[in-house]
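Observations on the model geometry
These are the residues of each chain, in order.
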Amino acid sequence: MLGVSPATYTFLHALISLIAIGSGLIIMFGFLIGRNLNALTSIFRITTVLTSVTGFGFPFDHLLP
C-alpha cells in the first residue's frame, strides 16, 4: 500500500475522511447563513476525492453483499 504499513495507511485514510466531513459541515453552516466559502469548498472537494482514491488502495479478496 504505497510503501506504508496498513495501520498508517488506514490512519491517513481516516484522517482525510474526517477533514472532508469537518469541512463539509462548516460549508453547510455557511450555506445556512448565506456565506460562500470558496477556499473551504476546494478543501472539501479535494479531500472527498482523496478519500475515494485511497479507499481503492485497501486489499480485498471479494466483494461483499
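Everything that follows concerns the structure shown earlier in this document.
As the structure is a computational prediction, the values presented were derived from the model and not from experiment.

**Re the overall build of the protein**
Counting its secondary structure elements, the protein contains two helices and zero strands. Relative to the 2.2 N^0.38 estimate, which gives 11 Å for 65 residues, the radius of gyration of the protein is 15 Å and therefore markedly larger than a compact globule would have. Out of the 65 residues in the protein, the part that is buried amounts to 18%. Taking the intrachain contacts of the protein between residues at least 6 apart in sequence as the baseline, contacts between residues at least 24 apart amount to 65%. Of the accessible surface of the protein, which amounts to about 5100 Å², a share of 75% is contributed by carbon and sulfur atoms.

**Some words on the packing of helix H1 (residues 6-33) against helix H2 (residues 38-55)**
Relative to each other, H1 and H2 sit at 150°, their axes nearing to 8 Å. One element, H1, and the other, H2, form an angle in the roughly antiparallel class. Between H1 and H2 the crossing geometry is left-handed. Mapping the contact onto sequence places Tyr-9, His-13, Ile-16, Ser-17, Ile-19, Ala-20, Ser-23, Gly-24, Ile-26 and Ile-27 in H1 and Leu-40, Thr-41, Ile-43, Phe-44, Thr-47, Thr-48, Leu-50, Thr-51, Thr-54 and Gly-55 in H2. Here the residues of the contact of H1 with H2 are counted per class, giving 10 nonpolar, 10 polar and no charged.

Definitions and cut-offs
Residues numbered from 1 in each chain as written. Predicted model: local features only at pLDDT ≥ 70, side-chain atom pairs only at ≥ 80, totals over all residues. Heavy atoms only, no water. Helix = DSSP H or I, 4+ residues; strand = E, 2+ residues; numbered from the N terminus. Rg over C-alpha atoms; globule rule 2.2 N^0.38 Å. Buried < 20%, exposed > 50% of the residue type's maximum accessible area, 1.4 Å probe, protein only. Contact = heavy atoms within 4.5 Å. Areas by Shrake-Rupley, 256 points an atom, 1.4 Å probe, with all protein chains shown as cover. Axes fitted to C-alpha atoms, helices over the stretch in contact; angles between N-to-C directions. Parallel < 35°, antiparallel > 145°, perpendicular 65-115°, else oblique. Left-handed = near helix turned anticlockwise from the far one by under 90°. Nonpolar A, V, L, I, M, F, W, Y, C, P; charged D, E, K, R; others polar.

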